[in-house]
Amino acid sequence: MSYREKTKQSFDSLTPGLKKVGEALMTSPILFATKPARQVAEVLGVGETMIVRFSKAIGFGGFGELQKDVRKALMTGPSLSEERATGNDNSFAGVIRSDIQNLQRTAEGLDTEVADAIVGMLAEAQTVQVVGYYQSFPFAHWFSFLLNTIKEDVRLFRPETDIGITKKGPDHCVVIFSYYRYALGTIRLAEEARANGNRVIVITDSSVSPVVPLADRVLVLAGAEKSAIEKGPVTFSVMNALLLHVAERVGKLDFINPANQYFIQ
């Protein structure tokens, strides 16, 4: 069983203190995947021994085993056994329903003030460079492609050919998609953008992402802290919302259906 299944199975028998750790694990698995037991305990306001006790209480040999399982789960999709455990024979529909739930969580937890500030930064920027490594690259590619139809001077950073962030000053904006596992290249580019005086926007799956301290604005997507596959629907939905608001801000809502650019019989 996965850490989620084990937590759910053991939850009712846990002490109140252990339940607090279990709730944190279910809502913020990236914290457990990226931090040692001591730092997890500090964030939750409990003792380190409580983290170890919880790991053993749900069936792991220790925190190391729990962390390994969480990391594995974050890099893969929802298991078929978990889907079957819901009593749903249609696993395809079950995955879609899971995506809908993640989207709902994201909508409810979205910091609209931060989102609006990001829209303003993008609309006003002289140039925008969009960055994403590994599993974050498709999101950066799609966002830069559509943003470029709304405003000029939007460029995708291509790790295989580009050297670094060359523009200097606050008129130039760098948008960074950074998802677990967090790429060192992303952190270095964020540091370079800060040194250049650029405005830095970070879209990420956790407030403990290492690139967060380097950003001017951070949008944490509550529904994107699970597996790499489950991040997709949430991220694309938030990107759509940001792009539509930018288009409205700059007076280019007609980009949604540019029929003159396509062949129509």
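Conventions used here
Residues numbered from 1 in each chain as written. Predicted model: local features only at pLDDT ≥ 70, side-chain atom pairs only at ≥ 80, totals over all residues. Heavy atoms only, no water. Helix = DSSP H or I, 4+ residues; strand = E, 2+ residues; numbered from the N terminus. Buried < 20%, exposed > 50% of the residue type's maximum accessible area, 1.4 Å probe, protein only. Contact = heavy atoms within 4.5 Å. Areas by Shrake-Rupley, 256 points an atom, 1.4 Å probe, with all protein chains shown as cover. 1 Å grid on protein atoms, 1.4 Å probe; cavity = no way out; pocket = protein on both sides within 12 Å on 5 of 7 lines; lining within 4 Å. Points joined across faces, edges and corners; volume = space filled by probe spheres on them. Nonpolar A, V, L, I, M, F, W, Y, C, P; charged D, E, K, R; others polar. Axes fitted to C-alpha atoms, helices over the stretch in contact; angles between N-to-C directions. Parallel < 35°, antiparallel > 145°, perpendicular 65-115°, else oblique.

Student: Which parts of the structure should I look at to understand the overall build of the protein?
Tutor: A tally of regular secondary structure across the protein gives 12 helices and five strands. Across the 265 residues of the protein, 48% fall into the buried class. Considering only contacts in the protein between residues 6 or more positions apart, those separated by 24 or more positions represent 68%. Approximately 13700 Å² of the protein is accessible, and the part contributed by carbon and sulfur atoms is 53%.

Student: Sorry if this is basic, but what is going on with empty space enclosed by the protein here?
Tutor: Remark: the empty space left among the atoms is shown by a probe the size of a water molecule rolled over them. Counted by the stated rule, this structure contains one cavity of 30 Å³ or more. Here the largest cavity is characterised by a volume of approximately 30 Å³. Considering the residues around the largest cavity, the lining is formed by Tyr133, Ser136, Phe177, Ser178, Tyr179, Arg181, Tyr182, Ala183 and Thr186. Per-class residue counts for the lining of the largest cavity are five nonpolar, three polar and one charged.

Student: Even after reading the chapter, I still don't get the packing of helix 2 (residues 16-27) against helix 5 (residues 48-57), so can you show me in this structure?
Tutor: Axis angle and axis distance: for two packed helices, these are the angle between their axes and the distance between the axes, and together they describe the pair. At a closest axis distance of 9 Å, the pairing of helix 2 and helix 5 adopts a crossing angle of 80 degrees. Taken together, the axes of helix 2 and helix 5 are roughly perpendicular relative to one another. Contact residues: Gly17, Leu18, Val21, Gly22 and Leu25 in helix 2; Met50, Ile51, Arg53, Phe54 and Ala57 in helix 5. Taken together, the residues of the contact of helix 2 with helix 5 sort by class into seven nonpolar, two polar and one charged.

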